[in-house]
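Overview (structure and organization)
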Amino acid sequence: MVLFCSYRLAPEHIFPAAFDDCFTAVKHVIDNARSYGIDPKRIAVGGASSGGNLAAAVSLKLRDVMHSVQPIVQILFVPCLQALDFNTPSYQSNADNGFLPRYWMVNFWLWYAFGSYEHLRNIEFIENQHTSHEAKISEHAKRVDHNLLSRTLIDAAYVPNAIDFGNESLWGEVKDVFLNPYFAPLMAENLSGLPEAYVATAGWDVLRDDGLMYAKRLQGAGVRVQSMPYQNGFHNLFIQSNHFKLSKTVIDDLVQFLAVKL
């Protein structure tokens with residue numbers, strides 16, 4: 001059985017509206033699994049892009065509240081997982097990607113966090129001005145450390161992040177939301193005790209490194225991870241599977257994984 005969760009959308013409804021809706025829905029299904037004919041020991045949560053963010057965040061909260069039943073696996077497709085650093089190697093190399101350019105991804109984060117018209121100040125975020133100098137050298141910054149990535153993924157044009165700048169006032173305004181792990185799961189200090197993760201990333205995607213960093217940190221926390229890096233893929237990994245061979249491969253890989261796990 002596959003259940004889709006409808007949730008309130010930004011910018012009309014800002015964080016945590018979508019997260020709260022998804023958590024409530026997933027918890028309801030888990031608590032009432034038998035009445036739906038579902039085996040509570042064979043439940044997975046998943047999503048793509050913003051849905052991947054929500055699936056990861058819901059998994060975190062289910063662990064945090066020590067719910068008696070946890071999903072057996074979390075499926076994270078091209079997930080957006082952090083808004084601390086918009087200058088990761090994949091943000092740099094795919095900044096002008098036609099499927100999801102950096103400025104659009106920044107806009108989406110700002111709408112989700114603060115609502116309509118926030119995109120009008122996106123330049124400061126694109127340039128990583130929104131984090132203060134202290135934030136750039138903090139423990140939070142280590143959770144999106146570029147060294148978590150394989151050097152083979154960093155191209156010759158890569159420029160390491162500078163740390164000697166930042167808008168202190170802007171950081172003070174946004175930090176409570178941006179550091180909330182239910183908003184940005186990569187900001188979670190502790191990733192242990194989470195469900196096994198299936199993390200699919202696309203090489204031609206600004207969000208590639210979000211997924212790869214999360215997979216690396218999950219593994220470091222003792223969580224089983226099936227990392228699926230589709231180097232020639234773009235953000236819309238599922239698009240028109242009848243026409244794109246890679247899209248069909250992506251779907252087939254997921255179906256094979258779920259057939260074993262569920």
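Scope of this entry: the structure provided in the associated data block. (Residues numbered from 1 in each chain as written. Predicted model: local features only at pLDDT ≥ 70, side-chain atom pairs only at ≥ 80, totals over all residues. Heavy atoms only, no water.)

This brings us to the overall build of the chain. Counting its secondary structure elements, the chain contains 10 helices and 4 strands. Along the chain, helices (α) and strands (β) appear in the sequence α-β-α-β-α-α-α-α-α-α-β-α-β-α when read from the amino end. The C-alpha atoms of the chain give 18 Å as radius of gyration, which agrees with the globular expectation for 262 residues (18 Å, within 12%). Seen through its C-alpha atoms, the chain measures out along the principal axes to roughly 55 × 40 × 35 Å. When contacts within the chain are restricted to residue pairs at least 6 apart in sequence, those whose partners lie at least 24 apart make up 76%. On the chain, roughly 12700 Å² of surface is accessible, and the fraction owed to carbon and sulfur atoms is 55%. The chain carries 21 positive and 26 negative side-chain charges, and their two centres are separated by 9 Å. (Helix = DSSP H or I, 4+ residues; strand = E, 2+ residues; numbered from the N terminus. Rg over C-alpha atoms; globule rule 2.2 N^0.38 Å. Contact = heavy atoms within 4.5 Å. Areas by Shrake-Rupley, 256 points an atom, 1.4 Å probe, with all protein chains shown as cover. Lys, Arg positive; Asp, Glu negative; His and termini not counted. Charge placed at Lys NZ, Arg CZ, Asp CG, Glu CD.)

Summed over all chains, the structure comprises 9 salt bridges. In this structure, glutamate 173 and arginine 121 form a salt bridge, with 2.9 Å as the shortest nitrogen-oxygen distance. Here arginine 121 lies in the loop between α4 (102–114) and α5 (122–126) and glutamate 173 lies in helix α8 (residues 168–178), a separation of 52 residues in the sequence. For arginine 121, a relative accessible area of 24% translates into the label partly exposed. Where glutamate 196 meets lysine 261, a salt bridge forms, and the shortest distance between an N and an O atom there is 3.3 Å. Remark: lysine 261 occurs in helix α10 (residues 245–261) and glutamate 196 occurs in strand β3 (residues 196–204); sequence separation between them is 65 residues. (Salt bridge = Lys/Arg side-chain N within 4 Å of Asp/Glu carboxyl O. Buried < 20%, exposed > 50% of the residue type's maximum accessible area, 1.4 Å probe, protein only.)

Okay, the packing of helix α1 (residues 17–31) against helix α2 (residues 50–64) next. Relative to each other, α1 and α2 sit at 60°, their axes nearing to 10 Å. With respect to each other, α1 and α2 are oriented oblique. Remark: the crossing between α1 and α2 carries right-handed chirality. For the pair α1 and α2, the contacting residues are Ala18, Phe19, Cys22, Phe23, Val26 and Ile30 in the first and Leu54, Ala57, Val58, Lys61 and Leu62 in the second. Across the contact of α1 with α2, the residue classes break down as 10 nonpolar, no polar and 1 charged. (Axes fitted to C-alpha atoms, helices over the stretch in contact; angles between N-to-C directions. Parallel < 35°, antiparallel > 145°, perpendicular 65-115°, else oblique. Left-handed = near helix turned anticlockwise from the far one by under 90°. Nonpolar A, V, L, I, M, F, W, Y, C, P; charged D, E, K, R; others polar.)

Spatially, β1-β2-β3-β4 is the arrangement adopted by the 4 strands of the open sheet, whose pairing is parallel. The outermost strands of the open sheet, each flanked by one partner alone, are β1 (44–48) and β4 (225–234). Between one strand axis and the next, the sheet turns through 10° on average, direction left out of account. In the sheet, β1 pairs with strand β2 (residues 73–77) via 5 bridges, with the strands oriented parallel. Across the sheet, the residue bridging to valine 45 is glutamine 74, located in β2. Along the sheet face, helix α9 (residues 208–220) touches β2, β3 and β4 and points at about 150° away from the line of β3. (Pairing = 2+ DSSP bridges.)

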